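# A closer look at the structure
This is what each chain is made of:
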Amino acid sequence: MKGPQLFRMIGDPRGPEVTTAMLSDDELAKLLDALYRHLDADEPAPSAVFWYEAALEESLRRAPRNT
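Now for a look at the structure at hand. Keep in mind the model is a prediction, meaning the values are calculated, not measured. (Residues numbered from 1 in each chain as written. Predicted model: local features only at pLDDT ≥ 70, side-chain atom pairs only at ≥ 80, totals over all residues. Heavy atoms only, no water.)

## Comments concerning the pattern of salt bridges
Overall, the coordinates contain 6 salt bridges when judged by the stated rule. Put simply, Arg-62 and Asp-25 hold a salt bridge, and the shortest N to O gap is 2.7 Å. Linking Arg-62 in helix α4 (residues 48–62) with Asp-25 in helix α3 (residues 25–39), this pair joins segments that are 37 residues apart in sequence. Among the residues examined, Arg-62 registers a relative accessible area of 25% and is labelled partly exposed. Judged by relative accessible area, which is 56%, Asp-25 ranks as exposed. Glu-58 is paired through a salt bridge with Arg-62; the nearest N and O atoms lie 2.8 Å apart. Pair noted here: Glu-58 and Arg-62 are both in helix α4, with a separation of 4 residues, about one helical turn. Overall, the relative accessible area of 7% leaves Glu-58 in the buried class. Taken together, the salt bridges that share partners define one network made up of Asp-25, Glu-58, Arg-61 and Arg-62. (Salt bridge = Lys/Arg side-chain N within 4 Å of Asp/Glu carboxyl O. Helix = DSSP H or I, 4+ residues; strand = E, 2+ residues; numbered from the N terminus. Buried < 20%, exposed > 50% of the residue type's maximum accessible area, 1.4 Å probe, protein only.)

Next comes the structure, spelled out in structure tokens:
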């Protein structure tokens, strides 16, 4: 996911919980990767951490449970 795509995503007015729930597994993985890289930048967008946390929670929710 390139920078402009990431900024369009984190600018989505529906918010991170709704938006991440609508993504495919592949799209969610790409978003997580892009957010992780963005958060390592010198000046990440202030909302990026909230989006990363929401995407991580969604990823964990989808993960198969070992019981």
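Right, picking up where we left off after that structure.
## Comments concerning the packing of aromatic side chains
Summed over all chains, the structure comprises 1 aromatic pair. Centre to centre, the rings of Tyr-36 and Tyr-52 are 6.3 Å apart; their planes meet at 45°, and the pair counts as tilted. Taken together, the positions of Tyr-36 in helix α3 and Tyr-52 in helix α4 put the pair 16 residues apart, joining distant regions of the chain. (Phe/Tyr/Trp six-rings, centres within 6.5 Å; stacked < 30°, edge-to-face > 60°.)

## Some remarks on the side chain of Thr-20
With respect to the secondary-structure elements, Thr-20 resides in helix α2 (residues 16–22). Those residues within four positions of Thr-20 in sequence are excluded, and the remaining contacts are Leu-28, Leu-31, Trp-51, Ala-54, Ala-55, Glu-58 and Arg-62. (Contact = heavy atoms within 4.5 Å.)

## Side note on the environment of Ser-47
Looking at where Ser-47 falls in the secondary structure, it is placed in the loop between α3 and α4. Sequence separation between Ser-47 and Pro-4 is 43 residues, and the spatial gap between their C-alpha atoms is 15 Å.

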